[in-house]
Amino acid sequence: MSDAPQAYAGPERVFSGVQPSGSLHLGNYLGALKKFVDLQEDHDCVYCIVDLHAVTVWQDPADLAQQTRHIAAAFLASGVDPEKAIIYPQSRVAAHTELAWYFNCVARIGWLNRMTQFKDKAGKNSEKMSVGLYDYPVLQAADILAFKATHVPVGEDQKQHLELSRDIAAKFNNDFKAPGFFPLPEPLIKGPGARIMSLRDGTKKMSKSDPSDNSRINLTDSADVIAKKIRKAKTDAGVMPESKDELKDRPEVDNLVGIYAALSGQSAEEVLAEYSGQGFGVFKPALADLAVAKLQPITELMNRYLSDLDEIDRILSAGADAAANIANPIVADVRDVMGFWKG
Ligand code: AMP
Ligand code: TRP
């Protein structure tokens, strides 16, 4: 479908969200946080801690607020600057849930039935899952479009949800004869960090829900633990190849090369040029040193932020006010477009 009839003429804006459930890992850092930091320099950026998405599966009320602060600390420690970007918790801005309801009436059941993340998360138990988990992608579309965001930095696993957001925006614009009201948001996925895989199985993505802690590097891991996990990472009996083509049937090696490239800011080709012909006894320690050098300062800073909860809470409150100032007028316009009583 061409974008032309819906051409959106408003300003560019970046929006993304991270769930406050479980601790963040290297995949989150390379797929999302690192991009957040790069984008804030020359874009208007809004970064949301999506606690309403987190409660689509059980969250202990005793931990939820602290989990939210934990993600805020990870944002700040990674370099997201509250002077340059808005950081806030989703539950404090009611525009998200209001717009999600309107979008529930725009999105079609058939569209949601195609969402692979729901199928993956629900498995055979879909009848026992919350309605919220099924509706999760509609709330995600509302997050993005309550800010008329044009660009969304995410990992590869969010591609299908972004396509749904575009479909909802296009159908809203079309149904309500409001061409260009919503932009069709573009995912920003490219780059070597877009899909970091498990250290134990190169065909599965690195994930907070993997039962094996050795499958992932957490942002809270100590230098020793990071080095040990990389030393134990699954590889094969070969040596480092010369070209990317030779990585096709070696998913674990491909993943480690990708991690090295993303952390060092090099291309995979440059990494291979440096290490081809070497065994993993050379490459793994080099990767461990690099990972520790990049992640340790973040872990230390995170701990420092977490020792001053008042400062985090002040940043989140100010962020929520700033976010509401952008989203509330947009959702008020949506009410007008849909024709609700105004009084
Ligand atoms: P989540 O923790 O599921 O809320 O994800 C937060 C962000 O991290 C999203 O943009 C995801 O796409 C991204 N992400 C999660 N896992 C990975 C991974 N293994 N590789 C790259 N990006 C990821
Ligand atoms: N679904 C995303 C994830 O699991 C998190 C998310 C919620 C999000 N709302 C968003 C990401 C809006 C980008 C934009 O990673």
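Everything here concerns the structure above.
Just so you know, these numbers come straight off a predicted model, no measurement behind them.

Caption draft 1: Just the packing of aromatic side chains, in detail. All told, the structure shown has 16 aromatic pairs when counted by the stated rule. Aromatic pair Phe-181 and Phe-182: ring centres 4.8 Å apart, planes at 85 degrees, arrangement edge-to-face. Across the pair, Phe-182 and Phe-181 agree in class, each one buried. The rings of Phe-103, Phe-172, Phe-176, Phe-181 and Phe-182 are connected pair by pair, giving a single aromatic cluster. Taking the ring centre of Phe-181 as reference, the NZ or CZ of Lys-148 above it sits at 3.9 Å.

Caption draft 2: How the structure looks around helix H1 (residues 26-40). Taking 1.5 Å of rise per residue, 15 residues should cover 21 Å, and H1 covers 20 Å from first to last C-alpha, within 8% of that figure. At Ala-32, H1 shows its strongest bend, of approximately 30 degrees. Across the 15 residues that make up H1, a large majority, 13, are buried.

Caption draft 3: Structural detail: the site of ligand 1. Taken together, 17 residues are adjacent to ligand 1, and Gly-155, Asp-157, Ile-196, Met-206 and Lys-208 come closest. Between ligand 1 and the protein, one listed contact pairs a nitrogen atom with a backbone N or O atom of Ile-196 at 2.7 Å. In this structure, Met-206 approaches ligand 1 through a main-chain N or O atom, which is 3.0 Å from a nitrogen atom. Out of a free accessible area of 490 Å², ligand 1 has 92% covered by protein chains. By residue number, the principal contributor to the shell around ligand 1 is H1, which donates four residues. Residues belonging to the shell around ligand 1 are distributed by class as follows: six nonpolar, eight polar and three charged.

Caption draft 4: Expanded view of the pairing of strand E1 (residues 14-18). Among the five residues of E1, four are classified as buried, and the element is accordingly described as predominantly covered. Of the pairings in the sheet, the one linking E1 to strand E2 (residues 45-49) comprises five bridges and is parallel in character. Residue pairing across strands places Phe-15 opposite Val-46, the latter belonging to E2. With H1 bridging E1 and the parallel E2, this β-α-β connection has right-handed handedness.

Caption draft 5: A look at the site of ligand 2. Around ligand 2, the structure places 13 residues, and the nearest of them are Gln-19, Tyr-136, Gln-140, Asp-143 and Gln-158. In this structure, an oxygen atom belonging to ligand 2 sits 3.3 Å away from a side-chain N or O atom of Gln-19. At 3.1 Å, a side-chain N or O of Gln-158 approaches a nitrogen atom of ligand 2. Listing elements by their share of the shell around ligand 2, those giving two or more residues are E1 and helix H7 (131-145). Considering each element in turn, the shell around ligand 2 owes the most residues, four residues, to H7. For the shell around ligand 2, the per-class residue count stands at six nonpolar, six polar and one charged.

Caption draft 6: Representation of the pairing of strand E3 (residues 85-89) within the structure. Burial runs high along E3: five of the five residues are buried. Side chains of E3 alternate between two faces, with Ala-85, Ile-87 and Pro-89 and Ile-86 and Tyr-88 buried alike. Where E2 meets E3, five bridges bridge the pair, whose relative direction is parallel. For Cys-45, the partnering residue across the bridge sits in E3 and is Ala-85.

Caption draft 7: Inspection of the pattern of salt bridges at higher detail. On inspection of all chains with the given rule, the structure shows 16 salt bridges. Salt-bridge contacts for Lys-229 lead to Asp-221; the nearest nitrogen and oxygen are separated by 2.7 Å. For Glu-311, the salt bridge identified is with Arg-314, shortest N-O distance 3.4 Å. Highlighted residues: Glu-311 and Arg-314, both in helix H13 (residues 309-338), separated by three residues, approximately one helical turn. Connected through salt bridges with shared partners, the residues Asp-213, Arg-216, Asp-221 and Lys-229 form a single ionic network.

Cut-offs and rules
Residues numbered from 1 in each chain as written. Chains lettered and ligands numbered in written order. Predicted model: local features only at pLDDT ≥ 70, side-chain atom pairs only at ≥ 80, totals over all residues. Heavy atoms only, no water. Phe/Tyr/Trp six-rings, centres within 6.5 Å; stacked < 30°, edge-to-face > 60°. Buried < 20%, exposed > 50% of the residue type's maximum accessible area, 1.4 Å probe, protein only. Lys NZ or Arg CZ within 6 Å of the ring centre and 35° of its normal. Helix = DSSP H or I, 4+ residues; strand = E, 2+ residues; numbered from the N terminus. Expected span 1.5 Å × (residues − 1). Bend = angle between axes of the 7 residues up to and from the residue. Near = heavy atom within 4 Å. Polar contact = N/O pair within 3.5 Å; in protein donor to acceptor, adjacent residues only side chain to side chain. Areas by Shrake-Rupley, 256 points an atom, 1.4 Å probe, with all protein chains shown as cover. Nonpolar A, V, L, I, M, F, W, Y, C, P; charged D, E, K, R; others polar. Pairing = 2+ DSSP bridges. Right-handed = clockwise from strand over helix to strand, strands pointing away. Salt bridge = Lys/Arg side-chain N within 4 Å of Asp/Glu carboxyl O.

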